[in-house]
Every structure is written in structure tokens, then in C-alpha cells.
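Here are the chains, one letter per residue:
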Amino acid sequence: MSTVSATITAPRGRFRELDGLRGIAVLLVVITHYTMVFDVVFPNHESSPVQFSAGSLGVQLFFMISGYVIFMTAERRRSPKSFALARAVRLYPTYWAALAITVPLSYLYLPPRPSALQIVANFSMLQNFLLVRDIDGAYWSLAREIVFYVLIALLLWAGAGRITSAITSWFVGVWTLAGLCIVAIEARAGSHLALQADHATAAEYAGLFGLGMLMYERRVGRRHSWTLIIIAAVGAVACTFLKTQPADALALAGLIGLFVVTTSREASRWLTFRPLQFVGIVSYPLYLVHQNVGYIVMDAIIPEVGRVPAMFLTFLALLVLAWVIHELIEKRLSHRLSLCWDRRQFQKPRVLS
């Protein structure tokens, strides 16, 4: 592991290729849900002519991207409190907007109806930790993201606002290997305790978050060894192999290769294709609303237009809805809240020592 002791320095400008990767990730998830999972929820409709299961790995691509971009946030927000607030401002307003649409539609059209406790717990975004069911199945990944944010906040606290490359190396190495051990015990021994440990530490996805962290540091000049990067990648693939099937592990290896190559290059023009960029920019609200709301729309229009047209029309409708949420909430409300917090922090009187 690298022992370089330099702090993170954020690169200048927006790395637009990440939006392209986000677009790919959310498209993979949507395709799987609309071609396969929908049939489980609504078995009375004609089956999709295409069955695409590997798209669920789009979430794993999101985790790699998250590991990369969260270090940019950690560099700007060096106190745990500031970091946590920045993530809350980024996630909660859009999440609440999506819930405000999803809850009433799910209550009316998708049995079993959510209880008052379930609704309140879901608005907290902590339902997984409270052992309460997600109202929308897509929300499961938010709990893993929260675990990652808590770990980064702890690193900021432990390092007094400095996450050095040495800390990053040891953190990624230990988290990846410990995660692999937990998943192996869970998969081979069927241990309930290991399952709880997996959920509590995001063990299955440690290598993915860690890989994103390492590739960010390499991009800004912190040269972690490729050995550590390979350990994170192999650990992530091994966890998927243990938890699912070889085909999924192979597909994940391909996505890891795409991510590593993209973040190692100055530019990848095909990822800046405008339609893909648009999908990537609205990927967070699209991810939040595409499942339950999309299923309800598809159920309503399939008898009128058929299965395949219904999937395309539903996707286009949800893409428009995601764009509206992005414009009203992400670009306006969340941005203004972030600016207000920054202004308040800047105007705080400093105590002379």
C-alpha cells in the first residue's frame, strides 16, 4: 500500500464522463426492472421479449462513481458536520420529492399498502437500519451509500479534516478484505450474523467504493499502486461471485474495466454524447421514480399499446418527470440550501486563540 501522506486536491472543471457513466448505470437498472422485475409484480401481462438480468449491476457502477465523487466533497467539506450536511442537502430534497409522488401511487395501486410507520421511516431514509421495508425497491442502495458516508465522516474526524493517501490506502485495503471475509462467511456458512454485518458495513460493495476512492486519488496525482487497485477490484468481483452467479461477476469485471479506463484517461468522448449526458445528469431522480411509478404506468398502458411500446413510453415519461425534479429540486432548492450553508459558515465569527 502507498504510504504517500498528501491530502486530496480536487481537479478543476467538471468530469463530464462521470455523467456518461451515470447514464449507463441508470439505463442498465431501468432495462432490468422493465424487462424482468415488472413480470414478477404484474404476471398477468405479456412477458417482455427480452430478458436482461445483468442490468442490476448498474447499481454497482453507481457505487464506484460514488467512491470517486465523495472524495471531492470530502476535500471541500473537511469537517464531518459540513460533509454530512452537504450530502443531506444533495440527497434528501430530491428523495422527498420522489417519495411524495411514489407514496400515494404505491398506496393506491401497489399492494400491500404501506403503513404509516413504513411511510415515516422511509421519509427518514433510514428504513433499512430500522428494519422497515422500502416503499420502492430501488431505495435499497441508499442504505449502502449512507454507510459509506458515515465511514468517510469518521475518517475526516480521525484525521482532523485530512484524509491522507496513506489513510486512504489502509482504509480501502482493510475494508475490502474484511468485506470479502464477511461475504464469504455469509455465502458459505449461511450465517445470519454475517448477513447483518454485511448490511451494517456495506461489506459486499466495499471494493467498489474503495476502487472509486483510489481512482480519484490517482487522477489528482496521488499514485496508489496498481496492486491495491487490483485488490479492490478482485475483492468486489469475488463478492459478487459468492453472492450471485459467475455471469454477474464477469459482467461486473467488465464494468470495473470501463470505470478504471474512463477515470485513467483525460477524456472519453463517447461518454459525452448529449443524450447519454442528459440521462446521467437526471440519473438520481430517475433512479428514485423509475420503479414503482414506472410499473404503475406500464400496467395502465400495456393493454392499449403493447408491452414493448409501453416500456419505451414509460421510460420517456419518467425521464421527463426526472428532469422536472432535477430542475426544480436539484438545481434550485438543493443548490440554494448549499449556498446558504456556505454563506453561514463563511460569516461565522472566528475565535482568536
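Heads up: the structure comes first, above all this text.
The structure reproduced in this document is the subject of the present report.

Conventions used here
Residues numbered from 1 in each chain as written. Predicted model: local features only at pLDDT ≥ 70, side-chain atom pairs only at ≥ 80, totals over all residues. Heavy atoms only, no water. Helix = DSSP H or I, 4+ residues; strand = E, 2+ residues; numbered from the N terminus. Rg over C-alpha atoms; globule rule 2.2 N^0.38 Å. Buried < 20%, exposed > 50% of the residue type's maximum accessible area, 1.4 Å probe, protein only. Contact = heavy atoms within 4.5 Å. Lys, Arg positive; Asp, Glu negative; His and termini not counted. Charge placed at Lys NZ, Arg CZ, Asp CG, Glu CD. Salt bridge = Lys/Arg side-chain N within 4 Å of Asp/Glu carboxyl O.

In this section: the overall build of the protein chain. Check the secondary structure of the protein chain and you find 14 helices and 0 strands. Along the protein chain, helices (α) and strands (β) appear in the sequence α-α-α-α-α-α-α-α-α-α-α-α-α-α when read from the amino end. Computed over C-alpha atoms, the radius of gyration of the protein chain comes to 21 Å, within 12% of the 20 Å expected from 2.2 N^0.38 for 353 residues, which places it in the range of a compact globule. Buried residues in the protein chain amount to 53% of all 353 residues. Of all intrachain contacts in the protein chain linking residues separated by at least 6 positions in sequence, the fraction that spans at least 24 positions is 76%. The centroid of the 31 positive side-chain charges in the protein chain is displaced by 13 Å from the centroid of its 19 negative side-chain charges.

Summed over the entire model, instances satisfying the criterion amount to 8 salt bridges. The closest approach of N and O atoms between arginine 90 and glutamate 330, which form a salt bridge, is 2.7 Å. Remark: glutamate 330 occurs in helix H14 (residues 307-347) and arginine 90 occurs in helix H3 (residues 80-109); sequence separation between them is 240 residues. Classification of arginine 90 as partly exposed rests on a relative accessible area of 34%. Put simply, glutamate 327 and lysine 331 hold a salt bridge, and the shortest N to O gap is 3.5 Å. Of the two residues, glutamate 327 and lysine 331 both sit in helix H14, 4 residues apart, roughly one turn of that helix. Judged by its relative accessible area of 18%, glutamate 327 falls in the buried class. Lysine 331 gets classed as partly exposed once you look at its relative accessible area, which sits at 43%. Members of the salt-bridge network, linked through shared partners, are Glu186, Asp198, Glu204 and Lys243.

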